[in-house]
Amino acid sequence: MHRPLPRWFAHRGGGSLAPENTLAGIRLAARLGFKAVEFDVMLSGDGTPVLIHDETLERTTNGFGRVCTTSDDILFALDAGWGESIPRFADAANLCRELGLLANVEIKPSLGQEIETAERVAKLTVDLWQGAFVPPLLSSFSLTALEVARDLAPDIARGVLYESVPADWMAELKRLRAFSLHCDADFLPDDILAEAQANVVPVLCYTVNSENRAKNLFAHGVSALFTDRLDLFGPDVING
Ligand code: G3P
Ligand code: MG
């Protein structure tokens, strides 16, 4: 990343004001002044990278069963909310480029598909953002996926995602040649934040939906936050 990070990322595409991980959500985030969005990418049963968070379809669509065993013809006919279909990763990438949004592409493999998901997503990310003015940021909870991304897309910045940050996190970041540390805002000890600052590693925290919490985290040196509350963190707060 060669530019200052936006302070706010719309979590799961559009946060809580739009169906999560949809193009409508990404458009809404841009309309509300967000400069960055985070979304989750998994492989369909046909190996197509698509935007979805859960390994199963029930919570966010009118379908059922596992994403990784559902064929594209079935998957793309489902309603992901507001009549939106599950987006192809390629369509979300093109939309982010068109809107000038920084995309945090979270590689979210179905269990056991870490390598093939990362291979597909990393290679596509290179192609889709070729020559882009705003390059994307890849991240994953899967260290295996990040290793693949490091090897196949070395020039695309990587963020290491943790729920709870382990003591050897800095060694992992170095091994993965990662740019940033992403973690749960509720599990970020002061000593880890201090170590990140000493090593000039940006820290990005999910999921922050309250103003006081956000102020506190920024005051302590966190670089950026993921939020569902697009209504609360409108352009004034975002640009302020
Ligand atoms: O990438 C940050 C955040 O999205 C990680 O949690 O479960 O919402 O993908 P989750
Ligand atoms: Mg995510």
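What counts as what
- Residues numbered from 1 in each chain as written.
- Chains lettered and ligands numbered in written order.
- Predicted model: local features only at pLDDT ≥ 70, side-chain atom pairs only at ≥ 80, totals over all residues.
- Heavy atoms only, no water.
- Helix = DSSP H or I, 4+ residues; strand = E, 2+ residues; numbered from the N terminus.
- Rg over C-alpha atoms; globule rule 2.2 N^0.38 Å.
- Contact = heavy atoms within 4.5 Å.
- Areas by Shrake-Rupley, 256 points an atom, 1.4 Å probe, with all protein chains shown as cover.
- Lys, Arg positive; Asp, Glu negative; His and termini not counted.
- Charge placed at Lys NZ, Arg CZ, Asp CG, Glu CD.
- Axes fitted to C-alpha atoms, helices over the stretch in contact; angles between N-to-C directions.
- Left-handed = near helix turned anticlockwise from the far one by under 90°.
- Nonpolar A, V, L, I, M, F, W, Y, C, P; charged D, E, K, R; others polar.
- Near = heavy atom within 4 Å.
- Polar contact = N/O pair within 3.5 Å; in protein donor to acceptor, adjacent residues only side chain to side chain.
- Buried < 20%, exposed > 50% of the residue type's maximum accessible area, 1.4 Å probe, protein only.

Looking at the overall build of the protein chain
Next, step 1: Counting its secondary structure elements, the protein chain contains nine helices and nine strands.
Next, step 2: The C-alpha radius of gyration of the protein chain comes to 17 Å, within 12% of the 18 Å expected for a compact globule of 240 residues.
Next, step 3: Considering only C-alpha atoms, the protein chain reaches an extent of 50 × 40 × 35 Å along its principal axes.
Next, step 4: In the protein chain, the share of contacts with a sequence separation of at least 24, taken over all contacts with a separation of at least 6, comes to 60%.
Next, step 5: Split by element, the accessible area of the protein chain, about 10400 Å² in all, is 51% carbon and sulfur.
Next, step 6: For the protein chain, the distance from the average position of its 21 positive side-chain charges to the average position of its 33 negative side-chain charges is 5 Å.

Comments concerning unusual backbone geometry
Next, step 1: The omega angle of the peptide bond from Y206 to T207 is -25°, so this bond is cis rather than trans.
Next, step 2: Position of T207 relative to the elements: it lies in the loop between β8 (203-206) and α8 (211-219).
Next, step 3: Its identity as a non-glycine residue notwithstanding, W82 has a phi of 55°, on the positive side.
Next, step 4: Here the phi dihedral of V200 falls at roughly 55°; this positive angle occurs in a residue that is not glycine.
Next, step 5: The topology assignment puts V200 in the loop between α7 (190-198) and β8.

Remarks on the packing of helix α4 (residues 114-128) against helix α5 (residues 143-152)
Any two packed helices are characterised by how steeply their axes cross, that is the angle between the axes, and by the distance between the axes.
Next, step 1: Between α4 and α5, the least distance of the axes is 8 Å, while the angle of their chain directions is 35°. As α4 packs across α5, the resulting crossing turns out to be right-handed. Residues E114, I115, A118, E119, A122, K123 and V126 of α4 pack against T144, A145, V148, A149 and L152 of α5.
Next, step 2: Its residues assigned to classes, the contact of α4 with α5 comprises eight nonpolar, one polar and three charged.

With respect to the site of ligand 1
Next, step 1: In the vicinity of ligand 1, the residues found are H11, R12, E38, D40, H53, E106, K108, F141, L161 and Y206.
Next, step 2: A distance of 2.7 Å separates an oxygen atom of ligand 1 from a polar side-chain atom of H53.
Next, step 3: In the environment of ligand 1, an oxygen atom lies 2.9 Å from a nitrogen or oxygen atom belonging to the side chain of E106.
Next, step 4: A class-by-class count of the residues in the shell around ligand 1 yields three nonpolar, two polar and five charged.

Observations regarding helix α1 (residues 23-31)
Next, step 1: Within α1, burial applies to L23, A24, G25, I26, L28 and A29.
Next, step 2: Elements that come into contact with the buried residues of α1 comprise β1 (8-10), β2 (36-43), β3 (49-51) and α3 (89-99).
Next, step 3: Backbone geometry just after α1 places G33 at a positive phi near 105°.

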